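# What the coordinates show
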Amino acid sequence: MKKSESAKKESQRKAIPVGVKVISILNFILVAFLFLFGIAFIVLGGKVYSNPDSFAQKLIDIAKTDPSFAYDDAAITKINAFASNLGPTFILWGIVLVVLGIFFLIIGIKLWKLKNWARIGEIIICSLIGLWGLMGLFNWAGILVFAINLAFAVVNGAIVSYLIFSKEVKKTFSKDA
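The sections below set out a description of the structure shown in this document. (Residues numbered from 1 in each chain as written. Predicted model: local features only at pLDDT ≥ 70, side-chain atom pairs only at ≥ 80, totals over all residues. Heavy atoms only, no water.)

Counting its regular elements, the protein contains seven helices and zero strands. What you see in the protein, going N to C, is helices and strands ordered as α-α-α-α-α-α-α. The dimensions of the protein, computed from C-alpha atoms along their principal axes, are 80 × 40 × 20 Å. Every one of the 177 residues in the protein was classed for burial, and the buried ones make up 27%. Within the protein, contacts between residues separated by at least 24 positions form 71% of all contacts whose residues are at least 6 apart in sequence. Of the roughly 12100 Å² that the protein leaves accessible, carbon and sulfur atoms contribute 71%. (Helix = DSSP H or I, 4+ residues; strand = E, 2+ residues; numbered from the N terminus. Buried < 20%, exposed > 50% of the residue type's maximum accessible area, 1.4 Å probe, protein only. Contact = heavy atoms within 4.5 Å. Areas by Shrake-Rupley, 256 points an atom, 1.4 Å probe, with all protein chains shown as cover.)

Structure (structure tokens):
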């Protein structure tokens, strides 16, 4: 009797659309990068924070190679202040990246499990990232930055369009399907 019940549940389980699988996998790839860079920022921030004078000295040595650098006490004070604030800033950004990674991991897993709230969350996040990419197109900072912003806008726009307008996705995420 248990076998027939589990067979019924298995046959009633909705098939995951390929596009939803691809979007979930893209989330998992993003999570890997967010965790990698988040941990790197935390480690680098810890190294700078634990020894800001050494880092400041390296910055001063680099600045000395520039003939236009005004090497005076005010400049050294600014470099020391910059170095002492850089460690905590890197640590904070590392924590933000790891938290974002956890968020995208949850969204990716729940999207794979066909939770409608994850689909809505993905639509909202991709809309925001796509808008960010569109706004970046108008801030010329070089061809590479332009290309990256264009890619953000196009890819995230395609994801949003697919999750909103695909009949297959609508049917899969509807409660009565």
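Right, let's talk about the packing of aromatic side chains for a bit. Inspection of every chain in the model, using the stated rule, returns four aromatic pairs. Ring centres of phenylalanine 41 and phenylalanine 90 lie 5.1 Å apart, and the angle between their planes is 20 degrees; this geometry places the pair in the stacked category. Taken as a pair, phenylalanine 41 in helix α2 (residues 18–50) and phenylalanine 90 in helix α4 (residues 73–112) lie far apart in primary sequence, 49 residues in all. Among the residues examined, phenylalanine 90 registers a relative accessible area of 21% and is labelled partly exposed. For arginine 119, the ring lying beneath its charged end belongs to phenylalanine 173, and the centroid distance is 5.6 Å. (Phe/Tyr/Trp six-rings, centres within 6.5 Å; stacked < 30°, edge-to-face > 60°. Lys NZ or Arg CZ within 6 Å of the ring centre and 35° of its normal.)

With twelve residues, the main nonpolar core is built from Val20, Ile23, Leu111, Leu114, Ala118, Ile123, Cys126, Ile159, Val160, Leu163, Val169 and Phe173. For this core, the elements supplying multiple residues, two or more each, are α2, α5 (116–137), α6 (143–165) and α7 (167–173). Setting aside anything within four residues of it in sequence, one finds alanine 118 in contact with Ile107, Lys110 and Leu111. (Core = buried A, V, L, I, M, F, W, Y, C linked by side-chain atoms within 4.5 Å.)

Time to look at helix α3 (residues 52–64). Between its first and last C-alpha atoms α3 spans 18 Å; for 13 residues at 1.5 Å apiece the expected length is 18 Å, and the two agree. Regarding α3, the residues found buried are Ala56, Ile60 and Ala63. One side of α3 holds all its buried residues, which, seen down the axis, span an arc of 60 degrees. For α3, the exposed residues set more than 90 degrees away from the buried face come down to Lys58 and Ile62. Looking at the buried residues of α3, the elements they touch are α4. (Expected span 1.5 Å × (residues − 1). Arc of directions from axis to C-beta.)

To continue, consider the packing of α3 against α4. A pair of packed helices can be characterised by two numbers: the angle between their axes and the separation between those axes. Taken N-terminus to C-terminus, the directions of α3 and α4 make an angle of 135 degrees; their axes are 9 Å apart at the nearest point. Here α3 lies oblique to α4, going by the angle between them. α4 is crossed by α3, and the crossing has right-handed handedness. Between α3, through Pro52, Phe55, Ala56, Leu59, Ile60 and Ala63, and α4, the contact on the second element is made entirely by Ile76, Ile79, Asn80, Phe82, Ala83, Ser84 and Leu86. Looking at the contact of α3 with α4 residue by residue, the class counts come to eleven nonpolar, two polar and no charged. (Axes fitted to C-alpha atoms, helices over the stretch in contact; angles between N-to-C directions. Parallel < 35°, antiparallel > 145°, perpendicular 65-115°, else oblique. Left-handed = near helix turned anticlockwise from the far one by under 90°. Nonpolar A, V, L, I, M, F, W, Y, C, P; charged D, E, K, R; others polar.)

For the rest of this paragraph, the subject is α4. Residue pairs spaced three or four apart in an α-helix point in one direction, given the helix's 3.6 residues per turn. Counted at 1.5 Å a residue, the expected span for α4 with its 40 residues is 58 Å, and the 58 Å between its end C-alpha atoms agrees. Along its length, α4 shows its largest kink, about 30 degrees, at leucine 86, and proline proline 88 lies within four residues downstream of that point. The elements touched by buried residues of α4 are α2, α3, α5 and α7. Directly after α4, the chain includes leucine 114, whose backbone phi takes a positive value near 60 degrees. (Bend = angle between axes of the 7 residues up to and from the residue.)

This part takes up unusual backbone geometry. Comment: phi is negative for the bulk of residues other than glycine, and the bulk of peptide bonds are trans. Residue leucine 114 is not a glycine yet carries a positive backbone phi of 60 degrees. Mapped onto the elements of the fold, leucine 114 is located in the loop between α4 and α5. Given a relative accessible area of 17%, leucine 114 falls into the buried group.

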